[in-house]
Amino acid sequence: MKKRILTGIKPTGKIHLGNYLGMVRQILDFQDKYETYLMIANLHAQTVPYDPNELKKETFELVASLLALGIDPQKTIIFLQSDNPYHSYLSWILGCLTYLGELQRMHEFKEQSERYKKEGVGLGILMYPVLMAADILLYNADLVPVGEDQKQHLELTREIARRFNKKFGKIFKIPEAIIPQETHKIMSLDNPLKKMSKSLPNGCLEIFADKKEIEEKILKAVTDSGNEIKYDPINKPGISNLMIIYKYLTGKSLVEIEEEFKNISYYDFKKEIVDAFFKKFEQARKLKNKIKRKDIIRILEKNKEKVTRESEKIFNLVLKRTGLKI
Ligand code: TRP
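In this text the structure is predicted, and so the values were computed from the model without any measurement. (Residues numbered from 1 in each chain as written. Predicted model: local features only at pLDDT ≥ 70, side-chain atom pairs only at ≥ 80, totals over all residues. Heavy atoms only, no water.)

Enquirer: Which residues make up the overall build of the protein, and what values do they have?
Expert: Regarding its fold elements, the protein presents 13 helices and 5 strands. By its C-alpha atoms, the protein is 75 × 40 × 40 Å across when sized along the principal axes. Just so you have it, the protein exposes about 17,300 Å², and 51% of that area is on carbon and sulfur atoms. Computing the positive centroid from 56 side-chain charges and the negative centroid from 44, the protein places the two 5 Å apart. (Helix = DSSP H or I, 4+ residues; strand = E, 2+ residues; numbered from the N terminus. Areas by Shrake-Rupley, 256 points an atom, 1.4 Å probe, with all protein chains shown as cover. Lys, Arg positive; Asp, Glu negative; His and termini not counted. Charge placed at Lys NZ, Arg CZ, Asp CG, Glu CD.)

Enquirer: Break down the nonpolar core for me, citing the residues and quoting the values.
Expert: One broad rule of soluble globular proteins: the nonpolar side chains tend to lie buried together. In terms of nonpolar packing, the biggest core is built from 61 residues, with Leu17, Leu66, Leu69, Phe269 and Phe277 touching the most fellow members. In terms of residues, this core owes the most to one element, helix H12 (residues 266-290), which gives 9 residues. Among the nonpolar cores identified, the runner-up in size contains 42 residues, and Tyr86, Leu90, Ala133 and Ala134 belong to it. (Core = buried A, V, L, I, M, F, W, Y, C linked by side-chain atoms within 4.5 Å. Buried < 20%, exposed > 50% of the residue type's maximum accessible area, 1.4 Å probe, protein only.)

Enquirer: Account for the packing of aromatic side chains, with residues named and values stated.
Expert: In this description, an aromatic ring pair is defined by two values, namely the gap between the centres and the angle between the planes. Applying the stated rule across the entire model yields 14 aromatic pairs. Geometrically, the ring pair formed by Tyr20 and Phe281 is edge-to-face, given 5.1 Å between the ring centres and 90 degrees between the ring planes. Taken together, the positions of Tyr20 in helix H1 (residues 17-33) and Phe281 in helix H12 put the pair 261 residues apart, joining distant regions of the chain. Each member of the pair Tyr20 and Phe281 is classed as buried. Ring geometry for Phe164 versus Phe172: centroids 4.8 Å apart, planes at 55 degrees, classification tilted. Assessed through its relative accessible area of 0%, Phe164 is described here as buried. Site record: aromatic cluster; members linked through ring pairs are Tyr20, Phe277, Phe278 and Phe281. (Phe/Tyr/Trp six-rings, centres within 6.5 Å; stacked < 30°, edge-to-face > 60°.)

Enquirer: Describe the side chain of Asn241, with residues and values.
Expert: Along the chain, the position of Asn241 falls in helix H10 (residues 237-250). When its relative accessible area of 4% is taken as the criterion, Asn241 is described as buried. Excluding residues within four positions of it along the chain, Asn241 makes contact with Lys185, Ile186, Met187, Ser188 and Leu189. (Contact = heavy atoms within 4.5 Å.)

Enquirer: Please set out the site of the ligand residue by residue, giving values where relevant.
Expert: Around the ligand, the surrounding shell holds 13 residues, and the nearest of these are Lys10, His44, Tyr128, Asp135 and Gln150. The separation between a nitrogen atom of the ligand and a polar side-chain atom of Gln150 is 3.1 Å. Starting from 370 Å² of accessible surface for the ligand in isolation, the protein chains cover 90%. Those elements giving two or more residues to the shell around the ligand turn out to be strand E1 (4-9) and helix H7 (123-137). The leading source of residues in the shell around the ligand is H7, at 4 residues. Partitioning the shell around the ligand into residue classes produces 7 nonpolar, 4 polar and 2 charged. (Near = heavy atom within 4 Å. Polar contact = N/O pair within 3.5 Å; in protein donor to acceptor, adjacent residues only side chain to side chain. Nonpolar A, V, L, I, M, F, W, Y, C, P; charged D, E, K, R; others polar.)

This is the structure in structure tokens:
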């Protein structure tokens, strides 16, 4: 039997090149090997202040982008977290087994509670990893792909699952982390010392942005003094980042790129990157415009049924074992 993999993506912000290379590209690979569950983590998006209409828009936008980029609904079960009420229900039950101290120790909790100090720190920020544990355990996922920032949350999920199993008898599988294949971090185009992210908009390449905007951002990317196209992340972080981007867009190696662009100016190299970008994403960009709202709704409706039914067995067992179902 195929192993089951589950991952979640928050519908906050458009897909950019860093997301694509770090995550989407991997899911494209997973969907051929595993039984793949891809959850739009809209309940997690609620943990910080947000606008409901924005959330709806971002949700559609994210699903459309993922489908356009090659997530195949015949292979991957793409669904909304909020479409299956057992996520939030299970997170209550698991929350009662989780200690306040454990949650307060999470790096992300510390960061977010600092960041929202003024607005007020909602309980959602504290409960965030418990909901994540529910997402994973509800489907008995074998594998969870996690980046550096989510490792600690997966560790806690494993701990909660063990604790539950010990107290109420074994129900949950202990999920394993999949550490992403070796990928270089994609850095911001206007500050190659920082990771590409939507919080640095000038250096962030959104896959489906206007053609002109993408062109401009690449052509304006920060480079380094000198004029050699050479991979040297310490002394030439700007050019090295552009080389990494070009490498992933074309599949060429860094050595090949150095060879190919000997005696070629930074500007001409950037023009090649622009071409490579559009070549790589041309098809997805066209496809995205053709995806209709009603297609998305149809897929999500179907998967709502499917995931709810799928998780019911485990959830009913949880209710029995915990004494909630008499
Ligand atoms: N917290 C994850 C992130 O910010 C998203 C997420 C929610 C998730 N539930 C999950 C990831 C379950 C893996 C498994 O990236």
